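# Geometric and topological summary
For reference, the chains in residue letters:
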Amino acid sequence: MNKVWFLVLVILYGGFSSKGSSNVSTRPSSVNIGAILSFNSTIGRVAKVAIQAAVDDINSDAMILNGTKLNISILDTKLSTGFLGIMASLRLMENDTVAIIGPQFSVMAHVISHIANEIQVPLLSFAATDPTLTSLQFPYFVRTTHSDLYQMTAVAEIVDHFQWRDVIAIYVDDDHGRNGVAALGDKLTEKRCKISYKVPFRPNNITREEINSELVKVALIESRVIILHIYSTFGLELLHVAQSLGMMTSGYVWIATDWLSTVLDSDPSLSTSPAMNDIQGVITLRIHTPDSNIKKTFISRWKKLTQKEDPNHDPFGLNIFGLYAYDTVWVLAHALDAILKDGGNLSFSNDSSSNMLKGDTLLLDAMGVFVNGSMLLKKILEVNTTGLTGQMLFDSNGNLMHPAYEIINVIGTGIRRIGYWSETSGLHTGEAPNHSNSSEGLYGVIWPGQTTQTPRGWTFGTNGRQLRIGVPLEVNFREFVSRIEGTDMFGGYCIDVFTAALNLLPYPVPFKFIPYGNGKINPSSLELLHLMTNGAFDAVVGDITITTNRAKIVDFTQPYVESGLVVVAPIKKLKSSAWAFLTPFAPIMWFVTGMFFLVVGAVVWILERRINDDFRGPARRQLVTIIWFSFSTLYFAQREKTVSTLGRFVLIIWLFVVLILNSSYTASLTSILTVEQLSSPVKGIESLVTSNERIGFQRDAFSENYLTDELNIHKSRLVPLTSISEYEKALKDGPASGGVAAIIDERPYMELFLSTRCEFSIIGREFTKNGWGFAFPKDSPLAIDMSTAILKLSENGDLQRIHDKWLTRRACSSQGAKESIDRLELKSFWGLFLLSGAACFIALLCYVTRMAYRFSRHSNTNLEGSSNSTRLRSFISYVNEKEGEDKI
């Protein structure tokens, strides 16, 4: 054994020097290629037939290689992923093999790729899907299928589509399994999901007892979404054990990678075997290959090809990797044809470092470096052809382009495609990936247990552990949270809401309350949340305010209490004044209203005096008439009648304005005289911020940080208060006696505080919008279900009933009183005054225009050649004359 591993090390690290060379002619009669497969595996058995069929088709096609034949040597690794594969690759390289198709397993590909790098022989693997097999580390490794990176992206999108957050990964503990699950973890993280538990299995010789032992542990985990990334050799056995343990029932989700679809495609008899009962409801993936005529033709040939391979056994099915194996041979043939057409040689140079092993049975001294290996690799990556699997085209990183997967649901005796995943469109339904008629999402799934209801994806573990609920031991405001004396039980509004929400969950939740605090001062909510993030609690229930900083470390439920910071300050009642009737209107409002009364009276007088005796007479009488008429319209009691059209127009507009003013004045005065008026030196949060008065707040509450960080209030002005009695004393003393001008705290607290203390009141409105919620660790699925339950409590009225039970108190007589007098300002009525003023202006304009027109006609006929003074006297005489005529 030591000799063998020494041999491998020499090949890997010995270096090569040109001792001599053996050249093949520019157009050789044949070219040697090799293949490394495991004949007894699901993929290897199919690939062997497909590769041989491809070689036969190429050798019989005169359009490619121009007469040069492919000689292929297919070696069996006997299900080995290590030593036998290395030996097989060495045997192939003794015979001037220009390329190797395979290896089939990712583990073997890692090892053989080192050898291929040294002797410059390209490896074309159709089944090694390990994402870490990259062209950077292994330049001569060419993957002619899609990397598991894309498959794991599709799995992560399925998990996110159904809004699951935690999954369990069961995988084989080798390069293929570990690296695939690592890629899955990265993609889940991008979706804010995670792998909560990993179950690695050794690659070979796994016993039923080992599987049973690990699955029992999985059954105790809360997550019910299980990802299977294993080999087909024991995949069905694992699912059979899961069935026997009751893990294929309703509530579980099983997502198998493409190994399961490969098994289903390769074994037609499986659909009628008892094993189908073990995989009902499982979701699996399969690389999508578009339908084409050449694909249909090859599928129709498949049965004959398998019978030709092994006539003594029943034919086996064709899987996706068989199609890729066939296309791989054609990709290699196109690359060889390109080299030969360009006049290239297929040359090997002997390796001097292998001479030290001369005489060994492996004949390693016959091995040589493929001189044209880099050219062949370049031509392979430049191939652009269409095969059974669709377009074979590599990107700049050496990966096949346009990855796409079918999402398959195992149902009954067959399978059903429920959608596609593609790199460009994600999850979608339709006739094919990226089809114009496709839509986002997936079709309905039949889950384990024969249910169409999407599983929640998690449950409480059956290990008997109770949910540890942290509860703050409150000193103040015990209506929200309080410990029942002499017991470990808790009561209060928050506790009742929590238990009511738990009772609405569709599953039982065992829990116990764990007190936090010394019972002498209120504990810090932030410290309690940090303890939960460190694993001391599974949830926190109490008067916990939802803030931005807290939401960064925990998940909150839907708020069950609306909250916000308010200002509470002392108040005093305002006594009624003898001049209270002037209060409804602001001074400017009184002035403008009085002026308009006079203006309207004057305008109506101008329009009526010419034709109306009520507006005629001595100057003193006409002045009194103007004043009396205008102000009497306030009560619609004017005795003077208006006979002109323009006068009536002005008056009707003004009466409408008076109606609105009268109604508004009456309503405002009624409010002032019937609603209690309160006064406070504090006018709101704005006045507090700009003043230098001391402000009280609840110790260890979030309000302190808000006042200093958001409102920039200096800490020297803030006074921490710890009890209700301190609240009351600080407000009564006031800032002059060492107290505070106001207290800033959350509305629920202050409403309870004010329910029996009428000498204080909330000033202004809430200046923040917050809420109280129950806290859970980040990405806890229970937070989502509890939020739904809280919404149900709100909809059915139970939340309000719990509120009335604990928080409804007799209100002070001052509640509902006004803290300031609301006067009616001019800005509320300027539109009415503008309307009335416009009516007056239009009426006067029409009156003057008409009079000027009549005088113009009169002067043209009777006063031609007269002076201006004569014309003016004549106009006045004309107006008086017309007044007499109009009167008659």
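What counts, and at which threshold
Residues numbered from 1 in each chain as written. Predicted model: local features only at pLDDT ≥ 70, side-chain atom pairs only at ≥ 80, totals over all residues. Heavy atoms only, no water. Salt bridge = Lys/Arg side-chain N within 4 Å of Asp/Glu carboxyl O. Helix = DSSP H or I, 4+ residues; strand = E, 2+ residues; numbered from the N terminus. Buried < 20%, exposed > 50% of the residue type's maximum accessible area, 1.4 Å probe, protein only. pLDDT = per-residue confidence, 0-100. Contact = heavy atoms within 4.5 Å. Arc of directions from axis to C-beta. Polar contact = N/O pair within 3.5 Å; in protein donor to acceptor, adjacent residues only side chain to side chain. Phe/Tyr/Trp six-rings, centres within 6.5 Å; stacked < 30°, edge-to-face > 60°. Lys NZ or Arg CZ within 6 Å of the ring centre and 35° of its normal. Pairing = 2+ DSSP bridges. Axes fitted to C-alpha atoms, helices over the stretch in contact; angles between N-to-C directions. Core = buried A, V, L, I, M, F, W, Y, C linked by side-chain atoms within 4.5 Å.

### Points about the pattern of salt bridges
With the rule as written, the count across this model stands at 29 salt bridges. In this structure, aspartate 291 engages lysine 295 in a salt bridge whose closest nitrogen and oxygen atoms are separated by 3.9 Å. With a shortest N-O distance of 2.3 Å, aspartate 798 and arginine 801 are connected by a salt bridge. With a gap of 3 residues between them, aspartate 798 and arginine 801 both fall in helix H24 (residues 798–807), about one helical turn apart. A network of salt bridges, in which partner residues are shared, links Asp265, Arg286, Glu406 and Arg417.

### Points about unusual backbone geometry
For residues other than glycine, phi is negative in most cases, and the peptide bonds are mostly trans. The omega torsion of the bond from glycine 102 to proline 103 falls at 0°, within 30 degrees of zero and hence cis. Its location among the elements puts proline 103 in the loop between strand S4 (100–101) and helix H4 (106–119). Positive phi, close to 60°, is recorded for glutamine 120, a residue that is not glycine. Summarising the element assignment, glutamine 120 is placed in the loop between H4 and strand S5 (123–125). By relative accessible area, glutamine 120 is classed as partly exposed at 25%. Unlike most non-glycine residues, glutamine 163 shows phi in positive territory, near 60°. Note on placement: glutamine 163 falls in the loop between helix H5 (148–161) and strand S7 (166–172). Using a relative accessible area of 62% as the deciding quantity, one classes glutamine 163 as exposed.

### Focus: the confidence of the model for the protein chain
Confidence in the prediction for the protein chain averages 82 pLDDT; 81% of positions are at 70 or higher. Across residues 813–820, confidence stays below pLDDT 50; counting only partners more than four residues off in sequence or on other chains, it has 25 contacts.

### Considerations on helix H14 (residues 525–533)
Regarding H14, the residues found buried are Ser525, Leu528, Leu529 and Met532. Each buried residue of H14 sits inside an arc of 100° when the element is viewed along its axis, so together they form one side. For H14, the N-terminal cap is serine 524; the gap from its side-chain oxygen to the backbone nitrogen of leucine 526 is 3.4 Å. Directly beyond the C-terminal end of H14, a positive phi value near 95° is found at glycine 535.

### Focus: the packing of aromatic side chains
For the coordinates displayed, the defined rule picks out 25 aromatic pairs. With a centroid separation of 6.1 Å and 55° between ring planes, the pair formed by phenylalanine 498 and phenylalanine 513 is classed as tilted. Residue phenylalanine 498 is located in helix H13 (residues 493–504), and its partner phenylalanine 513 is located in strand S23 (residues 511–516); the two are separated by 15 residues in the primary sequence. Given a relative accessible area of 17%, phenylalanine 513 falls into the buried group. With a centroid separation of 5.7 Å and an interplanar angle of 65°, the aromatic rings of tyrosine 727 and phenylalanine 753 are classed as edge-to-face. Taken together, the residues tyrosine 727 in helix H21 (residues 724–733) and phenylalanine 753 in helix H22 (residues 747–754) connect sequence positions 26 residues apart. In this structure, tyrosine 727 and phenylalanine 753 share a single accessibility class: buried. Members of the aromatic cluster, connected to one another through ring pairs, are Phe477, Phe480, Tyr727, Tyr749, Phe753, Phe760 and Trp772. Stacked on the ring of phenylalanine 39, the Lys or Arg lysine 48 has its end atom at 4.2 Å from the ring centre. When the ring centre of tryptophan 458 is taken as reference, the NZ or CZ atom of arginine 456 above it lies at 5.2 Å.

### Comments concerning the sheet that holds strand S16 (residues 404–411)
On the basis of which strands lie adjacent, the open sheet formed by 9 strands has the order S8-S7-S9-S10-S11-S16-S17-S18-S19 and mixed pairing. Each edge of the sheet is formed by a strand with only one pairing partner; in this case those strands are strand S8 (194–201) and strand S19 (439–440). Helix-sheet contacts for helix H6 (residues 175–190) involve S7, S8 and strand S9 (225–229), and the interaxial angle to S7 is about 165°.

### Looking at the pairing of S16
For a regular strand, the rule is simple: side chains alternate between the two faces of the sheet. By the criterion of burial, S16 is predominantly enclosed, with 7 of the 8 residues buried. Judged from the 8 bridges that link them, S16 and strand S17 (residues 414–422) form a sheet pairing that is antiparallel. Paired with isoleucine 411 across the strands is glycine 414, a residue of S17.

### Things to note about the nonpolar core
Grouped together as the largest cluster of nonpolar side chains are 143 residues, with contacts concentrated most on Phe126, Ile170 and Trp254. Looking at which element gives the most residues to this core, the answer is helix H11 (residues 320–341), with 15 residues. Apart from the residues lying within four places of it in its own chain, the contact partners of tryptophan 254 are Ile170, Leu215, Ile226, Leu228, Leu238, Leu239, Ala242, Met247, Met248, Val282, Ile283 and Pro448. Tyr493, Val561, Ala730 and Leu782 belong to the second-largest nonpolar core, a separate cluster that totals 54 residues.

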